[in-house]
Amino acid sequence: MRLPIGFRAGATQAGIKPSGKPDLALLVSGTPCSWAFVGTLNKAAAPCVARGRQLLAAGQGLQAIVVNAGNANCATGEQGIWADARMAELAAAQLQLAPETVLPASTGVIGQPLPVEKIEAALPQIRLGLEIDPFMEAIMTTDLVPKMAEATLSSGARVVGVCKGSGMIAPNMATMLAYIVSDAAVSQEELRRGWQGVVDKSFNQVTVDTDTSTNDMAVLMTNGAAGPVDLAEFWQAVERVCVELARKLARDGEGATKLLTVKVTGAKSDVEARKAALSVAASPLWKSAVYGNDPNWGRVMMALGKAGVALEPDKVRITLQGIPLYAGKVLEFDRAQASQAMQAEEVLVEADLGLGEGQGTAWGCDLTEGYVRINALYTT
């Protein structure tokens, strides 16, 4: 996928991943960018998240991102903090930039020292080009497929996004590693005003296993190369890209065979609707039922009830794949037909709470034996 005007990307093999696949990547703008950042709320956050917050508070432009995969550089003490800063310094020297304009990120196994010497040796091997694909492929860990999305504004400006993630996904801020870049001219103040709202409606509505990563971050960068844009149209494009990426994250959940989409309407607010939808998408019992094609709607009601939002069961309506299952009372439905309908690539659950105008959507996946196998043997 071609990058917006002024951006380049590249990757190489640094020898951090045991597989020997590309594991070190750069994403660079020819000029400083306006940018916004959201990082994980996990209290064991990695140094790269702390650095992101520090750079954000400093208020200056961002020009490059350097990412290593295969090692999270998390829970590694003072050595990890030094390694994170050193990775940024090395990338800055390679690109002839100031270190404070470079944001590092790491993803992979927690608790292992980052081999900075491998990064130092490999950075000069990266050849920057106009396609984002090499960058995307290098930041993958247990992902089975690359995750990219794009949108074009009426002005011709473009929005291109990539993200990685397959397990340890229940963002609580942003998600995994997500990078959205655009050549639109949008101020830093505007980006920071609107970015959290987009994240809340997209990445924060994804769950694979309810585990919030230590390294999650979502970054939005604009370099202005394509000129001014209509802000409403810009944010619509950014949200469209992020929602598409969120859906791809959920579908590529570890061991998953299906995408689970949960739409909640009739809540007292959009916030409550999103919270209720995420509760259903995260329920291990409902996720298991989805895997087994079991239209056990009681598990949906349970998940709505534990979400901590206003709920009156006799006002709730639950629909599965377009088939009404509950409407304030138990409904008669053809279980065999409903089970057959669940054998699709995407399973849609809709719940109307009947209490207001709030609405929200969440994305997840089914829970399979494959998830257990992957995570039972992750480091062995």
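Calculation criteria
- Each chain carries its own residue numbering, running from 1 in the written order of its sequence.
- Given that the model is predicted, a residue must reach a pLDDT of at least 70 before its local features are reported, and side-chain atom pairs must reach 80 or more before they are shown or counted; all residues, however, enter totals for whole chains, interfaces and linings.
- Excluding hydrogens and water, the side-chain values take into account all heavy atoms of the structure.
- Here a cavity means grid points, on a 1 Å grid over the protein atoms only, where a 1.4 Å probe fits yet cannot get out; a pocket means an open set of points with protein on both sides within 12 Å along at least five of seven lines; lining residues are those with an atom within 4 Å of a point.
- Grid points are joined across faces, edges and corners, and a volume is the space filled by probe spheres set on the points.
- Nonpolar residues are Ala, Val, Leu, Ile, Met, Phe, Trp, Tyr, Cys and Pro. Charged residues are Asp, Glu, Lys and Arg, and all others, Gly as well, are polar.
- A pair of strands counts as paired when DSSP detects no fewer than two bridges linking them.
- Counting from the N terminus, the helices are DSSP H or I runs at least four residues long and the strands are E runs at least two residues long.
- Here, expected helix span is obtained from the residue count minus one, scaled by 1.5 Å.
- Per-residue accessibility, obtained with a 1.4 Å probe over protein chains only, is compared with the maximum for each type, and a residue is labelled buried under 20%, exposed over 50%, and partly exposed between these values.
- Whether two residues are in contact is decided by their heavy atoms, any of which lying within 4.5 Å being enough.

Draft legend 1. Main features of the layout of surface pockets. What the largest pocket holds in volume is close to 460 Å³. In terms of lining residues, the largest pocket is bounded by 17 residues, among which Lys17, Pro18, Ser19, Met140 and Thr141 are the most central. Looking at the lining of the largest pocket residue by residue, the class counts come to 6 nonpolar, 7 polar and 4 charged.

Draft legend 2. Structural detail: the pairing of strand 10 (residues 317-320). With 4 bridges connecting them, strand 10 and strand 11 (residues 323-327) associate as antiparallel partners. Across the sheet, the residue bridging to arginine 317 is alanine 327, located in strand 11. Taking the residues between adjacent antiparallel strands as the criterion, strand 10 and strand 11 are bridged by 2 residues, where glutamine 321 takes a positive phi near 50°. Bridge count between strand 10 and strand 12 (residues 346-352): 4 bridges; the pairing is antiparallel. Each residue of the ladder has a partner; that of leucine 320, found in strand 12, is valine 349.

Draft legend 3. Helix 1 (residues 47-58), seen in detail. If you check helix 1, its first and last C-alpha atoms are 17 Å apart, about what 12 residues at 1.5 Å a residue would give, namely 16 Å. Taken together, the buried positions of helix 1 are occupied by Pro47, Cys48, Val49, Arg51, Gly52 and Leu55. At its buried positions, helix 1 is contacted by strand 2 (24-39), helix 2 (77-95), strand 4 (102-109) and strand 8 (217-222). After helix 1 finishes, the residue glycine 59 shows a positive phi value of roughly 85°.

Bear in mind that shape data such as this cannot, by itself, settle questions of function.
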